[in-house]
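In case you want the letters, here they are:
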Amino acid sequence: MDNEEILDDIGALVEEERALRRRAGTGGLLPEERARLAELEVRLDQCWDLLRQRRAKAEFGEDPDTAALRPATEVEAYRN
C-alpha cells in the first residue's frame, strides 16, 4: 500500500465518520453505529500512524514499504 492508497483510505474513513457524527447530532446512533464509529476512530489512527511511518522512512533514506500497520492496542496507547 503506497501513500496515495493510504490517503484514499483515510478519506473514505473520514467521510463515513462524518456521516455517523452528523447522524449522532440529529438524533443519536444505534448501538452498532456507535461501535462502527469507534472502529473508524481506531482505523484512522492506524492509517495516520502508517502514513507517518512511511514518510519518516522515506525522509531518512529507508524503504517506506517496510512500514507496517501497528496493532490497535499499540497505536491507541500513544494517546496516554
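Small disclaimer: the values here were computed from a predicted structure and weren't measured.

Engineer: Account for the side chain of Asp 49, with residues named and values stated.
Structural biologist: Examined against the element boundaries, Asp 49 turns out to sit in helix H2 (residues 31-59). A relative accessible area of 5% means that Asp 49 is categorised as buried. Other than its neighbours up to four places away in sequence, Asp 49 contacts Arg 70, Val 75 and Tyr 78.

Engineer: For the nonpolar core, give the residues involved together with the corresponding values.
Structural biologist: Of all hydrophobic cores here, the largest spans 13 residues; its most connected members are Ile 6, Ile 10, Leu 13, Leu 20, Leu 44 and Cys 47. Of all elements in the fold, only helix H1 (3-25) and H2 reach the threshold of two or more residues within this core. When residues in this core are grouped by element, the largest group, 6 residues, is from H2. Setting aside residues no more than four positions away along its own chain, Cys 47 makes contact with Ile 6, Ile 10, Leu 13 and Leu 69.

Cut-offs and rules
Residues numbered from 1 in each chain as written. Predicted model: local features only at pLDDT ≥ 70, side-chain atom pairs only at ≥ 80, totals over all residues. Heavy atoms only, no water. Helix = DSSP H or I, 4+ residues; strand = E, 2+ residues; numbered from the N terminus. Buried < 20%, exposed > 50% of the residue type's maximum accessible area, 1.4 Å probe, protein only. Contact = heavy atoms within 4.5 Å. Core = buried A, V, L, I, M, F, W, Y, C linked by side-chain atoms within 4.5 Å.

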